[in-house]
Amino acid sequence: MVPEAQTLYANPQTYRNFGPRTGNIQQEPVVDEEYMFEDIIANPWATAITECMLGPNPHLRFYSANTAFKAEDRQPVHVDVHFDFPKIPFGFCININLVATSPENGATELWPGSHRDADHRDSDSTGVISDLVEARRKISPPVQPSLPKGAVIIRDFRLWHAGMPNRTDDPRVMLVTIHFPAWYRTDQKFVLPKGMQGKVDWGNLVPCVEWVDEDYDYLQGKHDHDFTLQP
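Read on for a plain summary of the structure. (Residues numbered from 1 in each chain as written. Predicted model: local features only at pLDDT ≥ 70, side-chain atom pairs only at ≥ 80, totals over all residues. Heavy atoms only, no water.)

## Remarks on the side chain of Gln75
For the record, the criterion: Going along the chain from the N terminus, every DSSP run of H or I of four or more residues is numbered as a helix, and every run of E of two or more is numbered as a strand. The contact criterion used throughout is that any non-hydrogen atoms of two residues lie within 4.5 Å.
Along the polypeptide, Gln75 turns up in the loop between strand S2 (59-68) and strand S3 (92-97). Discounting residues that sit within four places of it in the chain, Gln75 has contacts with Asn17, Phe18, Thr22, Asn24, Ala162 and Gly163.

Here's what the structure looks like:
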């Protein structure tokens, strides 16, 4: 994925998370059978944890990646939802590092305990109100965990976080899947080629897949995802 990331980053049309100065792009994972690993896309230990929090048979509705290139600017503290979300656990992001990660190469900034604060956003964005950020910093400051390649991070979808600058010359690549409870009403799906049907043991996960033809160009990606809880 690193050479693919470099190709994408050189393309001015590639989606930049929070603008070009953060060096952060959305990148779709390789969907060839050779690179589809069950212990990544359907990690059984992660699923066991999300089942405890969300109930049996969580629905897998998102599969993507996030890549950080060398940059000076950070992202604002934010959450990844644009709606009034439930005040109970309703989604978990499963991040898997494809390279060893540290503050030096842009480990994600995480704000422990912030998922319990639902009234935090500026009125027109997912950014957290700056006064609340500084207030929380005094009682529970953020962390940037240093973790080895292959490490799994499970975070509540409501947790405050931010992409941080990568100070190195090597891209930092991190995969993400998102689990929702069976009761959560959304039409969100992730894309896989039809040739992958029946090739993955999803375990206790329910994959919500849009099956596409084999000539699907996964590098183009899809950035119109909508996780809103429907009526």
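## Focus on the pattern of salt bridges
Let me state the cut-off plainly: Counted as salt bridges are all cases of a side-chain nitrogen of Lys or Arg within 4 Å of a carboxyl oxygen of Asp or Glu. Categorising residues by exposure relies on relative accessible area from a 1.4 Å probe, with only protein chains included: less than 20% of the type maximum marks a residue as buried, more than 50% marks it as exposed, and the intermediate range marks it as partly exposed.
By the definition in use, this model includes 9 salt bridges. Note that Asp73 is salt-bridged to Arg21, the shortest N-O span being 2.6 Å. A residue pair is termed long-range when its members are at least 10 positions apart, and Asp73 in the loop between S2 and S3 and Arg21 in the loop between helix H1 (2-10) and strand S1 (24-27) qualify at 52 residues. Owing to a relative accessible area of 27%, Asp73 belongs among the partly exposed residues under this scheme. Between Arg137 and Glu134 there is a salt bridge, with its nearest N and O atoms 3.2 Å apart. With a gap of 3 residues between them, Arg137 and Glu134 both fall in helix H4 (residues 130-139), about one helical turn apart.

## Brief notes about the environment of Asn105
Just so we agree on the cut-off: By the criterion applied in these results, polar contacts are pairs of N or O atoms within 3.5 Å in which, for protein atoms, one can donate a hydrogen and the other can accept it, and in which residues neighboring in sequence qualify only through two side-chain atoms.
Structurally, Asn105 can be placed in the loop between S3 and strand S4 (109-110). Classification of Asn105 by relative accessible area gives buried; the value is 10%. Residues Asn105 and Thr50, spaced 55 residues apart in sequence, show a C-alpha to C-alpha distance of 28 Å. If we ignore the near neighbours within four places in the chain, the residues touching Asn105 are Val99, Ala100, Pro165, Asn166, Arg167, Thr168 and Arg172. Reaching out from Asn105, the side chain makes a polar contact with the backbone nitrogen of Ser102 at a distance of 2.8 Å.

## Describing empty space enclosed by the protein
We count it as follows: Grid points spaced at 1 Å and placed over the protein atoms alone form the basis of the search, with a cavity being a set where a 1.4 Å probe fits but cannot get out and a pocket an open set showing protein on both sides within 12 Å along at least five of seven lines. Lining residues have an atom within 4 Å of a point. Grid points are joined across faces, edges and corners, and a volume is the space filled by probe spheres set on the points. Just so you know the grouping, Ala, Val, Leu, Ile, Met, Phe, Trp, Tyr, Cys and Pro go in nonpolar, Asp, Glu, Lys and Arg go in charged, and all remaining residues, Gly too, go in polar.
Overall, the coordinates contain 2 cavities of 30 Å³ or more when judged by the stated rule. Roughly 50 Å³ of volume is contained in the largest cavity. Lining the largest cavity we find Asn97, Thr101, Gly106, Ala107, Thr108, Leu110, Pro145, Leu147, Ile153, Arg172 and Met174. Taken together, the residues of the lining of the largest cavity break down into 6 nonpolar, 4 polar and 1 charged. A volume near 30 Å³ is recorded for the second largest cavity. Lining the second largest cavity are Ile40, Ile41, Tyr63, Ile94, Ile96, Leu175, Val176 and Thr177. Residue contributions to the lining of the second largest cavity peak at 3 residues, all from strand S7 (residues 172-180). Tallied by class, the residues present in the lining of the second largest cavity amount to 7 nonpolar, 1 polar and no charged.

## As for the layout of surface pockets
Its volume calculated, the largest pocket comes out at about 660 Å³. Along the walls of the largest pocket sit 27 residues, with Asn17, Gln26, His78, Asp80 and His225 positioned nearest its centre. Going through the elements one at a time, S1, S2, S3 and S7 are the ones with two or more residues in the lining of the largest pocket. Among the elements that make up the lining of the largest pocket, the one with the highest residue count is S7 (4 residues). Residues that form the lining of the largest pocket fall into these classes: 10 nonpolar, 14 polar and 3 charged.

## Topic: the nonpolar core
Short version of the rule: The nonpolar core is taken to be a set of buried Ala, Val, Leu, Ile, Met, Phe, Trp, Tyr and Cys residues, with the residues joined through side-chain atoms within 4.5 Å.
One finds Phe90, Phe157 and Ile178 to be the most contacted residues of the largest nonpolar core, which totals 18 residues. It is S7 that contributes the most residues to this core, 3 residues altogether. Ignoring any residue separated from it by four or fewer positions in sequence, one finds Ile178 in contact with His59, Leu60, Arg61, Phe62, Phe92, Cys93, Phe157 and Phe227. Judged by nonpolar contacts, the second largest core, of 17 residues, contains Leu60, Ala65, Phe190 and Trp202.

## Re unusual backbone geometry
Phi is positive for Phe18, which is not a glycine, with a value near 60°. Of note, Phe18 is situated in the loop between H1 and S1. In the Ramachandran plot, Asn57 falls in the positive-phi region, its phi being about 55° despite a non-glycine side chain. Here Asn57 is to be found in the loop between helix H3 (44-54) and S2.

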